Amino acid sequence: MKESNKHNKKYLATTAIEDFWNVKMPILFLGEWCKNSNRKSFWEQLNYTDVKSSLDKKEQVDEARLYTQDLFNNAIKTLTEKFNCLHKENYSKRYWEIVLGPWLKWYINTVYTRYVNLKDVINNYEPFTTTLLSKEEHITPIDTRSFRNLSQTDTYNLQIYSRIFETLGMNYPTKSLENENINIYKENGHIRSGPFRFIKEAVRELVYKRQNNGSIFLVDSYFTNSDILKLFIITTGKVYPLFKIMPPISPVKLCQEKRVHLIAIEHEHSEFEMVFNRLLPFDVPICYIEGYKIIKQYIKSNNPRKPRVIFSSNSWYFRENIKIWAANSKESGTVLVGTQHGGNYGSVVYPHEANFETDITDRYYTWGWEKKNCNTHVIPFYSTKLSSRRKLGAHNSKQGVLFVTTKIFRYPLYIYRHSYSQKIYYSWQEIFMSKIALTIRPFFRIRLHKDDSLKEIRLRWASFAPEVQFVNRDNPFFSSLGKNRLFVSDHLSTTFVEALSANKPSILFWNPETSDLNEEAIPYYEMLENVGILHKTPEEAAEKVNAVYPDVEGWWNRPELQLAVNTFCNRYARTIPKVHKFWVKEFNNLLNESSNL
């Protein structure tokens, strides 16, 4: 029911930046992201109300997903024309989908969810007031990685909310930031030193001397260094790895003259499309406008000019020079080949990354699952990421339960039931630990997600399970996995697939309502459920941990359980010893068939 009592005017807090709150008024918290755990003693004393999100309803989420996908399809068509005109190019829609696609998909979802957030308040909680971020402090992302990083910061979200309000003609007071530093760029990474460093350098130099030889080039392939060397030698140089990483683009002054005409929707049919068109020109990352020629020049000097095949797992997202190089090469006939890198690929109803990767590639290799009626040729094959790892098995001689958590985005980056999923996820962890036997609790080792920058999750765990230990993330996951007796995961992602493929005793649980499985996947997950690996409630999962921890060997080595694990892995985590031999054959076939793909 809409609140309209003019004597009960509320103050809308859009982010966790307390300098932009008026605590003398009743507070409306736009989302859980406003309430940092380390400030709970402060905000829980306030007179506040949590805004109810319409995107916590499954029907609205399904509609929003369809709408934003249609919006992306329309926008990429328009932006193809706009960017070709801007850069005096004549590239296809596919070129710009490879280059702009990851950013544009995330950007549409980001702006749309923030728009819905504000409409929920406008429609249901009037009258209210708020404070907007001063225009002088608005920034534009450098590239896709910086946008994704910014999308999880309070300051950038405050900027988005401010710009939406202004576009809607709702002019609230503005204010400058006082103690906030907005991180506009994060390094793309670096080449690690190690025993294969000299080989990488030697191969790299050879690549640039023979860059016109029409070979297969591996970029972020997830092959081990050893397998890469074997592939290079056995194919007599037909398979080359690319290790070089382009230096980051420096922030530059925006060219408003170039940006002013960049709209994405030619014919606006809704208020949101009007908002989207007004926001987009300023928000397009610098690398696609002011920095575009810099990247093109770098590619000309550093990247192979006539690759026959480009093979990658995840460089389609954050390696801007690789995306532009691949897109440009595709225009000249290069075959783009992708391979799976995420554990929920092939299992969930809305596989955002998997759908994008199969949309832009000519051939796509999975870890065992199939996909029909898509733009690419999907081939069930052997995992480049998992195949070179040893089998761990069950050992009662080991101690410890490795519990791996995931990242629940503070601010939604996708269209999903964000607030609902967030609350369920954290509450299930607490319920699970409350049911673990007191004798086993001290053996829990918690591996937090690397992006727990505000130590939000660590604080939550300390509040309900102070006796647990935290794993040092500098230690590789697989190393931590091998040191413990049992593995526990509370989310449908890559780590549980890694554990099962290594035959590590595992207990899995997650809320089925927040992890929708597709019809093809359901029977395989039911196999795991039937043998006591997968559970639908935290209570059941905890009971299983209590039951099997004393003797994991007796439980894990049962024939029916091993059959379920092997059947599942053959579909979603297929591995094989000496995987390079099978890839050599496949790469030779690719070179022979590439002219027909």
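From a predicted model like this one, the values you see are computed outputs, not experimental measurements. (Residues numbered from 1 in each chain as written. Predicted model: local features only at pLDDT ≥ 70, side-chain atom pairs only at ≥ 80, totals over all residues. Heavy atoms only, no water.)

**Brief notes about the overall build of the chain**
Logical step 1: Helix and strand counts for the chain stand at 22 helices and 18 strands.
Logical step 2: In summary, the chain has a C-alpha radius of gyration of 25 Å against a globular reference of 25 Å for 597 residues, a match within 12%.
Logical step 3: Over its C-alpha atoms, taken along the principal directions, the chain stretches across nearly 75 × 70 × 40 Å.
Logical step 4: Taking all 597 residues of the chain together, 57% fall into the buried category.
Logical step 5: Restricting to contacts in the chain with at least 6 residues of sequence separation, those with at least 24 account for 75%.
Logical step 6: Once the 80 positive and 64 negative side-chain charges of the chain are each reduced to a mean point, those two points are 7 Å apart. (Helix = DSSP H or I, 4+ residues; strand = E, 2+ residues; numbered from the N terminus. Rg over C-alpha atoms; globule rule 2.2 N^0.38 Å. Buried < 20%, exposed > 50% of the residue type's maximum accessible area, 1.4 Å probe, protein only. Contact = heavy atoms within 4.5 Å. Lys, Arg positive; Asp, Glu negative; His and termini not counted. Charge placed at Lys NZ, Arg CZ, Asp CG, Glu CD.)

**Digging into the sheet that holds strand E11 (residues 363-366)**
Logical step 1: Strand order in the open sheet formed by six strands is E8-E7-E9-E10-E11-E12, with parallel pairing between adjacent strands. A strand with exactly one partner marks an edge of an open sheet, and here the two such strands are strand E8 (239-241) and strand E12 (377-380). Put simply, the sheet's adjacent strands are angled 20° from each other on average, direction ignored.
Logical step 2: The pairing of E11 with E12 spans four bridges and is parallel. Looking across to E12, one finds that Arg-363 is bridged to His-377.
Logical step 3: Packing against the sheet, helix H22 (residues 579-593) makes contact with strand E7 (216-219), E8, strand E9 (309-312), strand E10 (335-339), E11 and E12, and its axis sits at approximately 165° to E11. (Pairing = 2+ DSSP bridges. Axes fitted to C-alpha atoms, helices over the stretch in contact; angles between N-to-C directions.)

**Remarks on the pairing of E9**
Logical step 1: Across the two faces of E9 the burial is the same, with Val-309 and Phe-311 and Ile-310 and Ser-312 all buried.
Logical step 2: Judged from the four bridges that link them, E7 and E9 form a sheet pairing that is parallel. Opposite Phe-217, over in E9, you have Ile-310 as the bridge partner.
Logical step 3: Where E9 meets E10, four bridges bridge the pair, whose relative direction is parallel. Pairing of Ser-312 across the sheet is with Gly-338, part of E10.

**Digging into the packing of helix H5 (residues 154-167) against helix H9 (residues 271-283)**
Logical step 1: The N-to-C vectors of H5 and H9 enclose an angle of 135°; their axes lie 10 Å apart at closest approach. Viewed along their axes, H5 and H9 adopt a mutual orientation that is oblique. Of the two possible hands of crossing, H5 and H9 adopt the one that is right-handed. Residues Tyr-156, Gln-159, Arg-163, Ile-164 and Thr-167 of H5 form the contact with H9, whose own contacting residues are Met-274, Val-275, Arg-278, Leu-279, Phe-282 and Asp-283.
Logical step 2: Partitioning the contact of H5 with H9 into residue classes produces six nonpolar, two polar and three charged. (Parallel < 35°, antiparallel > 145°, perpendicular 65-115°, else oblique. Left-handed = near helix turned anticlockwise from the far one by under 90°. Nonpolar A, V, L, I, M, F, W, Y, C, P; charged D, E, K, R; others polar.)

**Concerning the side chain of Arg-319**
Logical step 1: Within the fold, Arg-319 resides in the loop between helix H11 (315-318) and helix H12 (320-331).
Logical step 2: Residues contacting Arg-319, with those up to four places away along its chain left out, are Val-219, Asp-220, Lys-244 and Ile-245.

**Focus: the sheet that holds strand E2 (residues 27-29)**
Logical step 1: An order of E3-E2-E1-E4 is seen for the four strands of this open sheet, with the pairing classed as parallel. This sheet does not close on itself; its edge strands, each paired only once, are strand E3 (48-50) and strand E4 (128-129).
Logical step 2: Across three bridges, E2 lies against E3 in parallel orientation. In the sheet register, Leu-28 faces E3, and the bridge partner there is Thr-49.

**Thoughts on the layout of surface pockets**
Logical step 1: By volume, the second largest pocket is sized at about 490 Å³.
Logical step 2: As for the second largest pocket, its lining consists of 21 residues, and the residues nearest its centre are Arg-65, Gln-69, Lys-105, His-352 and Asn-355.
Logical step 3: Mapped onto the lining of the second largest pocket, the elements with two or more residues apiece are helix H2 (58-87), helix H3 (93-124) and helix H13 (352-360).
Logical step 4: Its residues assigned to classes, the lining of the second largest pocket comprises 11 nonpolar, five polar and five charged. (1 Å grid on protein atoms, 1.4 Å probe; cavity = no way out; pocket = protein on both sides within 12 Å on 5 of 7 lines; lining within 4 Å. Points joined across faces, edges and corners; volume = space filled by probe spheres on them.)

**Points about the packing of aromatic side chains**
Logical step 1: Within the structure shown, the criterion is met by 62 aromatic pairs.
Logical step 2: With 4.6 Å between their ring centres and 70° between their planes, Phe-381 and Trp-583 make a pair best called edge-to-face. A residue pair is termed long-range when its members are at least 10 positions apart, and Phe-381 in the loop between E12 and strand E13 (401-404) and Trp-583 in helix H22 qualify at 202 residues.
Logical step 3: By relative accessible area, which is 10% here, Phe-381 ends up buried.
Logical step 4: Taking relative accessible area as the criterion, Trp-583 reaches 0% and is therefore assigned buried.
Logical step 5: Between Tyr-425 and Tyr-426, the aromatic rings sit 5.6 Å apart at their centres with planes inclined by 65°, giving edge-to-face as the arrangement.
Logical step 6: An aromatic cluster is built from Tyr-67, Trp-103, Tyr-107, Tyr-112, Tyr-115, Phe-147, Tyr-156, Phe-272, Phe-276 and Tyr-288, whose rings are joined through pairwise contacts.
Logical step 7: Between Arg-148 and the ring centre of Trp-106, over which it is positioned, the NZ or CZ distance is 4.6 Å.
Logical step 8: Taking NZ or CZ as reference, Arg-485 lies 4.3 Å from the ring centre of Tyr-549, over its face. (Phe/Tyr/Trp six-rings, centres within 6.5 Å; stacked < 30°, edge-to-face > 60°. Lys NZ or Arg CZ within 6 Å of the ring centre and 35° of its normal.)

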